[in-house]
Each structure stands twice: as structure tokens, then as C-alpha cells.
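If you want the building blocks of each chain, they are given just below.
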Amino acid sequence: MSRTLFQQRIRHMMNEPALSRHAVNDTELAVFEWNNQLRGKKPTVVLAHATGFHARCWDQVIARLQDCHIVAVDQRGHGRSANTPFETWEDFGDDMVALLEQMEITQAIGVGHSMGGHTMVQAAAKNPQLFSCLLLIDPVIMSPERYQTPQQGWEGEAQDHPTAKRRNQFNSVEDMVKRFADREPYSLFTPEALHDYCQYGLVENSDPEEGLILACPPIFEASIYMTSMSLDDVLNYPPLIDIPVTVLRAMSPDGPRDMMTFKYSPTWEGLANAFPNAVDIHRQDRTHFMPLEDPQMIAELINEMLTA
């Protein structure tokens, strides 16, 4: 580890976030907040994670950011938030709007990964005061054709979806790290990001002798994948968002994309053109898991927004 990265890591460890809980809509969301003393003095960055992840997956990005006020949200069913059922992906967007309005956050830099990017687009369209700019990291917003004639997805019950069959119990954080360290896509994460993913992605089992379980239950994660096309009017939102937007897309497949191979970008290539003021960045050398694979790259993009 370089001296600079070591210093950033030490700084991050000495600046642990404050955890707060907020009742919004019909659920309770857990929020991690860094540098609250800078609120109003420096810009605020709001971070929303991907399906099956959690707020602390951003730790390695946060460790590399310039001084700012930071809010990272556990979306419903993830991390330390309540496992409240949802109807469509619109519920995640409505949760974000209600949360930021309750926290009285406006003109923030919104950063969302995968489903979190989808969430940010909804929130920015529904309340234009929330954000000053957006960084959408593979926000899984599909092409118009996909919503008009959606491909048949998993037709069975959620409990029969492959994701629902994930191993859900681990003896320890180290047990989970060891299991995933050599398996893609987890093997693509930096060691620190993988540890964060495991450490904060586990919660106490109801029976302590049974070890730890995933904070996002596998059946909940499966239900999110099964409803990924549930908000078929999401493409009505980008034209309403006139703030600067950066769409960051990962590698494209060479042929037909296996839906269970999460390395490739699921985002519409023309998405940036749907916004009044957006740029498209296509990284063919990076996978869908960019924030954990290359936190330095993501931090640099956010730092550019902070400087601007």
C-alpha cells in the first residue's frame, strides 16, 4: 500500500461515520454520515448503493474524497435498514426523496451505482432541489425498446430464483471473505473493498450460535432482480433533469449478455443523450462493479464535481 493510500486509510479510520435511522414512507432507513461539521460549509455528497450491497461499500471511495459532507444510505432491504417489502423500483426512488427532504438536504452531488443510480434519477426528477449534479454509475436504465418489449425474465417464484439460493450464513466476516476472494466478481474488488462488503453486509443471526447472516436476504435481492423492468416509464425522467449528469458505463459484452453475469454494463448506450446536459463515459476496461473494483477512479470523478 502506498504512503498516500495508507494516510487516506488512517484518516478514514479516525473519522468513523455517525449512524442515524429515519422513518420514511412505510420503512426505516439507516444512514451513515461523515463530516457533519462541514454541512453547509462544504458540498454534500449523497451515495446510493447497488442491489445486494450497502452504504459501507462506498468506504474506499469516501477515503479518497476531498473534504465534504457525506451521506451514504442503506436502501430498504439492505444493510442496517428495515427489510420492508416493495412493489416496484419506484419505491426506492420515493424513499430517497422522502429521506433527503426529511434531512433537509438540497443541492447535493448525487452518486448512484446500479440500482442506486436508477434511484437517483427518480429522485432528481421528482424534486429538482435535491441535487446540483449527478454521477450515475451503470444505473441499469435500459433502452426504450427493452421497456416496450421487455425480454422474459425469471418467471418462477422469488424463492426459486438463482440469487435466492445464495449462501446466507457465515461463521464470521473472515469466513465470507475467504469464500468470495477467488470468485468473480468479488475477486475483482480491491481487498479493502471486499472486506468492507463482507464486514458490513452481515448482521447477527437470531440465534447467535448460528453465526452471521446476510443483511440483504437472498430472497429480497432476488425480488429486486426480478422486478428490474417494473418502472417502465423511467425514461420519462431524464428529460426533466437539467443539472449536469455524468453517465459512467462499464464494459460491453462481445455477444449476447448472460443476465446472471454481472460484469457487463446493462445500461442503455444512449442514456446520456436522454438528459439535457449529460456526458457519457464508457470504460471498456472496467466491470459493472467499478466502485469496488476501482474506487480511485470513482473518487476522482466525484472530486472533479466537488472542485467545480
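In this report, we go over the structure that sits alongside the text.

Rules of the game
Residues numbered from 1 in each chain as written. Predicted model: local features only at pLDDT ≥ 70, side-chain atom pairs only at ≥ 80, totals over all residues. Heavy atoms only, no water. Helix = DSSP H or I, 4+ residues; strand = E, 2+ residues; numbered from the N terminus. Buried < 20%, exposed > 50% of the residue type's maximum accessible area, 1.4 Å probe, protein only. Polar contact = N/O pair within 3.5 Å; in protein donor to acceptor, adjacent residues only side chain to side chain. Pairing = 2+ DSSP bridges. Salt bridge = Lys/Arg side-chain N within 4 Å of Asp/Glu carboxyl O.

Here we look at the side chain of Gln60
Alright, step 1. Tracing the backbone through its elements, the reader meets Gln60 in helix H2 (residues 59-62).
Alright, step 2. Gln60 gets classed as buried once you look at its relative accessible area, which sits at 3%.
Alright, step 3. Engagement of the side chain of Gln60 in a polar contact is seen with the side chain of Asp196, the distance being 2.6 Å.

A short note on the sheet that holds strand E7 (residues 169-170)
Alright, step 1. Ordered in space as E7-E9-E8, the three strands form an open sheet in which the pairing is antiparallel. Each end of this open sheet is capped by a strand with a single partner; those strands are E7 and strand E8 (202-204).
Alright, step 2. Where E8 and strand E9 (residues 212-214) come together, three bridges link them in antiparallel fashion. Across the sheet, the residue bridging to Leu202 is Leu214, located in E9.

Focus: unusual backbone geometry
Alright, step 1. Following Glu184, the chain continues into Pro185 via a peptide bond in cis, with omega recorded as 5°.
Alright, step 2. With a phi angle near 55°, Ser114 is a residue other than glycine that sits in the positive phi range.
Alright, step 3. Relative to the helices and strands, Ser114 is located in the loop between strand E5 (108-113) and helix H4 (115-126).
Alright, step 4. According to the relative accessible area criterion, Ser114 is buried, its value standing at 8%.

Topic: the pattern of salt bridges
Alright, step 1. All chains considered together, the criterion is met by 13 salt bridges.
Alright, step 2. Arg166 is paired through a salt bridge with Glu221; the nearest N and O atoms lie 2.9 Å apart. Of this pair, Arg166 sits in the loop between helix H5 (144-148) and E7 while Glu221 sits in helix H8 (residues 218-226), and the two are 55 residues apart along the sequence.
Alright, step 3. By relative accessible area, which is 6% here, Glu221 ends up buried.
Alright, step 4. If you follow the salt bridges from partner to partner, you end up with Arg283, Asp285, Arg286 and Asp294 in one network.

Purely geometric stuff here, so don't read any function into it on its own.
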